[in-house]
Protein chains: 2
Amino acid sequence: MRSIEAPMDVVTPLQFSLAYNAFSFTLAAMGAATAFLWLSRSQVAPAYRTALTISGIVTAIAAYHYLRIFQSWNEAYVLKDGIVTATGFAFNDAYRYVDWLLTVPLLLIELILVMRLSAAETASKATRLGTAAALMIILGYPGEIATDIPTRALWGTLSAIPFVYIVWELFRGLGDSINQQRVEARDLVRKARLLTFASWGFYPIVYMAPYVGITGGTATTVIQLGYTIADLLAKAGLGILIFMISSRKSRAEAHGDTGHYA
Amino acid sequence: MRSIEAPMDVVTPLQFSLAYNAFSFTLAAMGAATAFLWLSRSQVAPAYRTALTISGIVTAIAAYHYLRIFQSWNEAYVLKDGIVTATGFAFNDAYRYVDWLLTVPLLLIELILVMRLSAAETASKATRLGTAAALMIILGYPGEIATDIPTRALWGTLSAIPFVYIVWELFRGLGDSINQQRVEARDLVRKARLLTFASWGFYPIVYMAPYVGITGGTATTVIQLGYTIADLLAKAGLGILIFMISSRKSRAEAHGDTGHYA
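First things first, this report covers the structure right here in the doc. From a predicted model like this one, the values you see are computed outputs, not experimental measurements. (Residues numbered from 1 in each chain as written. Chains lettered and ligands numbered in written order. Predicted model: local features only at pLDDT ≥ 70, side-chain atom pairs only at ≥ 80, totals over all residues. Heavy atoms only, no water.)

Turning to a nonpolar patch on the surface, a few remarks are in order. A contiguous nonpolar patch, built from A:Ile149, A:Phe202, A:Ile205, A:Met208, A:Tyr211, A:Val212 and A:Ile214 and spanning about 630 Å² of accessible area, is present on the exposed surface. Summarising the element assignment, A:Tyr211 is placed in the loop between α6 (183-207) and α7 (216-253). (Patch = residues over 30% accessible without salt bridge, like charges linked within 9 Å, V, L, I, M, F, W, Y side chains within 5 Å. Areas by Shrake-Rupley, 256 points an atom, 1.4 Å probe, with all protein chains shown as cover. Salt bridge = Lys/Arg side-chain N within 4 Å of Asp/Glu carboxyl O. Helix = DSSP H or I, 4+ residues; strand = E, 2+ residues; numbered from the N terminus.)

Turning to the pattern of salt bridges, a few remarks are in order. Considering all chains together, one arrives at 16 salt bridges over all chains under this definition. Where A:Arg152 meets A:Glu144, a salt bridge forms, and the shortest distance between an N and an O atom there is 3.0 Å. Per residue, the accessibility class of A:Arg152 equals that of A:Glu144, and both read buried. Where B:Arg96 meets B:Asp231, a salt bridge forms, and the shortest distance between an N and an O atom there is 3.5 Å. In this pair, B:Arg96 is assigned in helix α3 (residues 94-114) and B:Asp231 in helix α7 (residues 216-253), connecting sequence segments 135 residues apart. Judged by relative accessible area, B:Asp231 falls into the buried class, the value being 1%. Three or more residues joined by partner-sharing salt bridges are found here, namely A:Arg96, A:Asp99, A:Asp231 and A:Lys235. (Buried < 20%, exposed > 50% of the residue type's maximum accessible area, 1.4 Å probe, protein only.)

Now for the packing of aromatic side chains. Geometry of an aromatic ring pair is reported as the spacing of the ring centres plus the angle between the planes. Enumeration according to the criterion identifies 35 aromatic pairs over all chains in this entry. Ring centres 6.0 Å apart and planes at 50° place the aromatic pair A:Tyr95 and B:Tyr20 in the tilted group. Residue A:Tyr95 is located in helix α3 (residues 94-115), and its partner B:Tyr20 is located in helix α1 (residues 13-39); the two belong to separate chains. Exposure class is identical for A:Tyr95 and B:Tyr20. Each is buried. Aromatic rings pair up to connect A:Tyr95, B:Phe16, B:Tyr20, B:Phe23, B:Tyr66, B:Phe70, B:Trp73, B:Tyr77 and B:Phe91 into one cluster. Directly above the aromatic system of A:Tyr207 lies the positively charged group of A:Arg152, at a separation of 4.5 Å from the ring centroid. (Phe/Tyr/Trp six-rings, centres within 6.5 Å; stacked < 30°, edge-to-face > 60°. Lys NZ or Arg CZ within 6 Å of the ring centre and 35° of its normal.)

Interface size is commonly expressed as the accessible surface area that is lost when the partners come together. Listed as interface residues are 23 residues of chain A and, on the opposing side, 23 residues of chain B. A combined buried area of about 2000 Å² lies between chain A and chain B, and 66% of that area is made up of carbon and sulfur atoms. At the junction of chain A with chain B, the criterion picks out zero salt bridges. Our enumeration of links across chain A and chain B arrives at nine residue pairs in polar contact (both at pLDDT 80 or more). Residue assignment for the side of chain A that touches chain B shows that the elements contributing at least two residues are α2 (49-76) and α3 of chain A. For the side of chain A that touches chain B, the element with the most residues is α2(A), which contributes nine residues. (Contact = heavy atoms within 4.5 Å. Buried area = accessible area lost by both parts, 1.4 Å probe. Polar contact = N/O pair within 3.5 Å; in protein donor to acceptor, adjacent residues only side chain to side chain.)

Moving on: the environment of A:Gly130. Residue and element names in this part refer to chain A. Inspection of the secondary structure puts Gly130 in helix α4 (residues 119-144). A sequence separation of 23 residues divides Gly130 from Leu107, and the C-alpha atoms of the two residues are 8.7 Å apart. Gly130 has contacts with Pro105 and Lys125, leaving out every residue within four places of it along the chain.

Quick look at helix α1 (residues 13-39) of chain A now. Residue and element names in this part refer to chain A. Counted at 1.5 Å a residue, the expected span for α1 with its 27 residues is 39 Å, and the 39 Å between its end C-alpha atoms agrees. Listing the buried residues of α1 in full gives Gln15, Phe16, Ala19, Ala22, Phe23, Thr26, Met30, Ala33, Thr34 and Leu37. Along its buried surface, α1 packs onto α2, β1 (77-80), β2 (83-86), α3 and α7. (Expected span 1.5 Å × (residues − 1).)

This brings us to the relation of the copies chain A and chain B. When chain A is brought onto chain B, the operation consists of a screw motion whose angular component is 74° and whose axial shift is 0.2 Å, with 0.1 Å RMSD remaining. Viewed as a symmetry operation, the transformation between the two copies matches a five-fold axis. (Least-squares fit on C-alpha atoms with pLDDT ≥ 70 in both.)

With that settled, the discussion passes to the environment of A:Asn92. Structurally, A:Asn92 can be placed in the loop between β2 and α3. With 64 residues separating them along the chain, A:Asn92 and A:Gly156 place their C-alpha atoms 20 Å apart. Apart from residues no more than four positions distant in its own chain, A:Asn92 is found in contact with A:Ser72, B:Tyr20 and B:Asn21.

Quick look at the side chain of A:Arg41 now. Residue placement: A:Arg41 occurs in the loop between α1 and α2. If near-sequence neighbours (up to four positions away) are discounted, A:Arg41 is found in contact with A:Arg49, A:Leu52, A:Thr53, B:Leu39, B:Ser42 and B:Gln43.

All names here are of chain B. Side chains Tyr77 and Leu79 project from strand β1 (residues 77-80) onto a buried face, and the interleaved Val78 and Lys80 project onto a face without burial. Alignment of β1 against strand β2 (residues 83-86), held across four bridges, turns out to be antiparallel. Bridging across to β2, Tyr77 finds its partner in Ala86. A loop of two residues connects β1 with β2, the two strands running antiparallel in sequence, and Asp81 in this loop sits at a positive phi of about 55°. (Pairing = 2+ DSSP bridges.)

Residue and element names in this part refer to chain A. Running from N to C, α2 and α7 cross one another at 160°; their axes reach a closest spacing of 9 Å. The angle between α2 and α7 falls in the class roughly antiparallel. Relative to α7, the crossing made by α2 is left-handed. Residue-level inspection shows Ala51, Leu52, Ser55, Val58, Thr59, Ala62, Tyr66 and Trp73 of α2 in contact with α7, the latter providing Thr220, Gln224, Tyr227, Thr228, Asp231, Lys235, Ala236, Gly239, Ile242, Phe243 and Ser246. (Axes fitted to C-alpha atoms, helices over the stretch in contact; angles between N-to-C directions. Parallel < 35°, antiparallel > 145°, perpendicular 65-115°, else oblique. Left-handed = near helix turned anticlockwise from the far one by under 90°.)

Shown next, in the form of structure tokens:
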């Protein structure tokens, strides 16, 4: 949201506490999701265990970064005697990009894995979507730390190209595969795709906040809460859907067929 | 990169943040790789589980050392009010050597284990390659902490002898064994060998940087980022290849044959 040299935005005590508690909540929620997803591996058929492993890795990585974000917030501000002061240590927004660089490709891979496509299709879709996702994050970062709007807009626009490609792949390329999912799981897979699209769509909106002149402590707080809610939906929320799809498909496949039909 | 008594190189705020975030990223990535490799043990045939156990041990050891490296970096420099100052506490580069002394022999052993050679061949190759790898690290360290170039060059050259032997073993000794791998896995095993060779080849280049007069904050940052990228490829990257080889060979062997043919 700001360059590392820029002065800190002042937040009110309420804003400080809101973000503080939201970060702690998210750390707990991501840790809980990790435990749930990893412990549930034994409840599903072997074909879906890697999807649960990776879903839990995503929430574990997020839990780690929310711990760091929480600590960084507490180093950046001190709330004492009802007054918030900036300490001079910058709040490190880069943790989010570092997190996304790891987790966003993995989120697409867990979505592909749970669909149980052929090995060749899985590899090709995972490679293409994973690469596009990493590219999207890498191209977004120079704009995030830029101090002027034109630079931010340039990198934001470049980052939008792989994002549009991912959306196109999710709705066109994966659309056919979703129609071939067994009927019990088809709706849930569509929901998982929609959740991914809707929660991801939120990030560029937050990214563009400075374009329209939103700055200061209120903006900092809104942006931090916004990214946090989006992360909860995109990671823990998607993880639960992945578990439900895995468990429903495991049950249905135990009745004898392969899980694929056209 | 410097003797423990030498004054700290000054880094810019951007350089400080780049290394800081790269260390945190690598800690998260190594932890994620560990979880993935250990949880995936149940997905492969028993013959390949030790390879996954050891691959995960390598990334777990690396995660531990990146936590230490991250903390050491934060003790060596303070970024406050947009200015970096050296605290006087030296950044401890020895963590890398301690890490490599443990992980480098294990990396070669995981590569040998996944090939599923005869017990005698596994033991003899693991002993020879593991010993050579440990020797390479031990001989490199006196040069790393030396204050003058001739001493650095002397130990660097001594350390290169076991390195050349390892490369020779990988391409000659293991070459025949790779040709006897089942056809489904042969290409992946070749890729794992190439990844090992290419990522390891990077370390001596970084080691030789002071020979050509590269010093100062920029060099510190480039060297730290370089070692970090090499570690990610050599450890987490190789781990994923080891999982792919194990899982492909397990699937093929489940269809009845032994997994060996000439």
